[in-house]
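Below, each chain spelled out in residue letters.
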Amino acid sequence: MDNLTFRYSILLMEGLQVTALSNHFVFILFLLAYIFIIVSNIGILIQISVERRLHQPMHILFCNLPLNDVLGTIALLPRLMSQILKGGHFTPPLTDPSERYITYVECALQAFFGHVYGTASHTILVIMAFDRYVAICNPLRYPTIMSNNMVVKCWYTNQLIFTFNIVG
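Just so it is clear, the model here is predicted, and its values are computed rather than measured.

What am I meant to see in the overall build of the protein chain here?
Along the protein chain, the regular secondary structure elements total five helices and two strands. Along the protein chain, helices (α) and strands (β) appear in the sequence β-α-α-β-α-α-α when read from the amino end. In the protein chain, buried positions account for 26% of the 168 residues. Intrachain contacts of the protein chain at a sequence separation of at least 6 include 75% that bridge at least 24 residues. About 11400 Å² of surface is accessible on the protein chain, with carbon and sulfur atoms providing 70% of the total.

Looking at this structure, how should I read helix α3 (residues 104-137)?
Residues separated by three or four positions in an α-helix point in the same direction, a consequence of the helix having 3.6 residues per turn. In a regular helix each residue adds 1.5 Å, so 34 residues correspond to 50 Å; α3 covers 49 Å between its end C-alpha atoms and thus fits that length. Among the residues of α3, Ala120, Ser121, Thr123, Ile124, Ile127, Met128, Asp131 and Val134 are the ones counted as buried.

Help me understand the nonpolar core, please; the structure alone is not making it clear to me.
In a soluble, globular protein the nonpolar side chains are often hidden away together inside. Residues Met58, Leu61, Leu65, Ile124, Ile127, Met128, Val134, Tyr142, Met146 and Val151 constitute the largest nonpolar core, which totals ten residues. Contributing elements (two or more residues each) for this core: α2 (57-86) and α3. Ranked by residue count, the leading element in this core is α3, at four residues. Leave out the neighbours within four places in its chain, and Met58 touches Met128, Asp131 and Arg132. Residues Val26, Leu77, Met81 and Ile84 belong to the second largest nonpolar core, which totals eight residues.

Before we go on, may I ask you to explain a nonpolar patch on the surface in this structure?
A surface patch of nonpolar side chains, amounting to about 370 Å² of accessible area, comprises Val105, Leu109, Phe112 and Phe113. Within the element layout of this structure, Phe112 appears in helix α3. In this structure Phe112 comes out as partly exposed when scored by relative accessible area, which is 33%.

Even after reading the chapter, I still don't get the pattern of salt bridges, so can you show me in this structure?
Pairs can form between side chains of opposite charge once their charged atoms are near each other. Under the defined criterion, the tally for this structure stands at two salt bridges. For the salt bridge of Glu51 with Arg53, the shortest nitrogen-to-oxygen distance reads 3.1 Å. Of the residues examined, Glu51 reaches a relative accessible area of 25% and is grouped as partly exposed. Of the charged contacts, one joins Arg132 and Asp131 as a salt bridge, the two residues approaching to 2.8 Å between their closest N and O atoms. Judged by relative accessible area, Arg132 falls into the partly exposed class, the value being 38%.

Help me understand helix α1 (residues 23-50), please; the structure alone is not making it clear to me.
Taking 1.5 Å as the rise per residue, α1 with 28 residues should run 40 Å; its terminal C-alpha atoms sit 41 Å apart, in good agreement. Taken together, the buried positions of α1 are Asn23, Val26, Phe27, Tyr34, Ile38, Asn41, Leu45 and Ile48.

What counts and how
Each residue is numbered by its place in its chain's sequence as written, counting from 1. Reporting of local features is limited, given that this is a predicted model, to residues whose pLDDT is at least 70; pairs of side-chain atoms are given and counted only at 80 or more, and all residues count toward the totals for whole chains, interfaces and linings. Side-chain numbers come from the whole structure's heavy atoms, not from hydrogens or water. A run of DSSP states H or I qualifies as a helix once it reaches four residues; a run of E qualifies as a strand once it reaches two. Both are numbered from the N-terminal end. For every residue, the accessible area obtained with a 1.4 Å probe (protein chains only) is divided by the maximum for its type, and the residue is called buried under 20%, exposed over 50%, and partly exposed between those limits. Contacts are assigned to residue pairs with any non-hydrogen atoms lying within 4.5 Å of each other. All accessible-area figures derive from a Shrake-Rupley calculation using a 1.4 Å probe, and residue coverage is judged against the displayed protein chains alone. Given a helix with a known number of residues, its expected span is that number minus one, times 1.5 Å. Each nonpolar core is a collection of buried residues, namely Ala, Val, Leu, Ile, Met, Phe, Trp, Tyr and Cys, held together in the definition by side-chain atoms within 4.5 Å. Each patch is assembled from residues with relative accessible area greater than 30% and no salt bridge, linking like charges that lie within 9 Å and nonpolar side chains (Val, Leu, Ile, Met, Phe, Trp, Tyr) that lie within 5 Å. The term salt bridge refers to a side-chain nitrogen of Lys or Arg lying within 4 Å of a carboxyl oxygen of Asp or Glu.

Set out below in structure tokens:
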């Protein structure tokens, strides 16, 4: 007997329900937010990498947050903005409705990168919380406990656990 739980390889994207009057306004709003997120986060990355005083464990974590935000924004917002232009329930589509379809592989990849973005953001915040905990509770031992090497170990351990959760 065949497994018939998944029979289709193409899915219909519904998109946001935006009225026809505000379709272009919402697209421009998302485009401005997209540009602001990319430019500001790349500016933070450049500032942290250029300034030598910021090469400390906490600032390395601050460097990971903008990098993660750029990757998450690139993974999620372009598809959303294209769906706004293509139209939803209340908007007359600006393009052919057949272009609102997405393959199962594209959908799975977008979901994967969305989950990677969320997991990485939470992990960075957990490592930052651990950093502050050590700084408050053990201020004299802080430089030996929270070295750059320790931050890298925490990050790679999390990535390893995350990878095993995906595979397993």
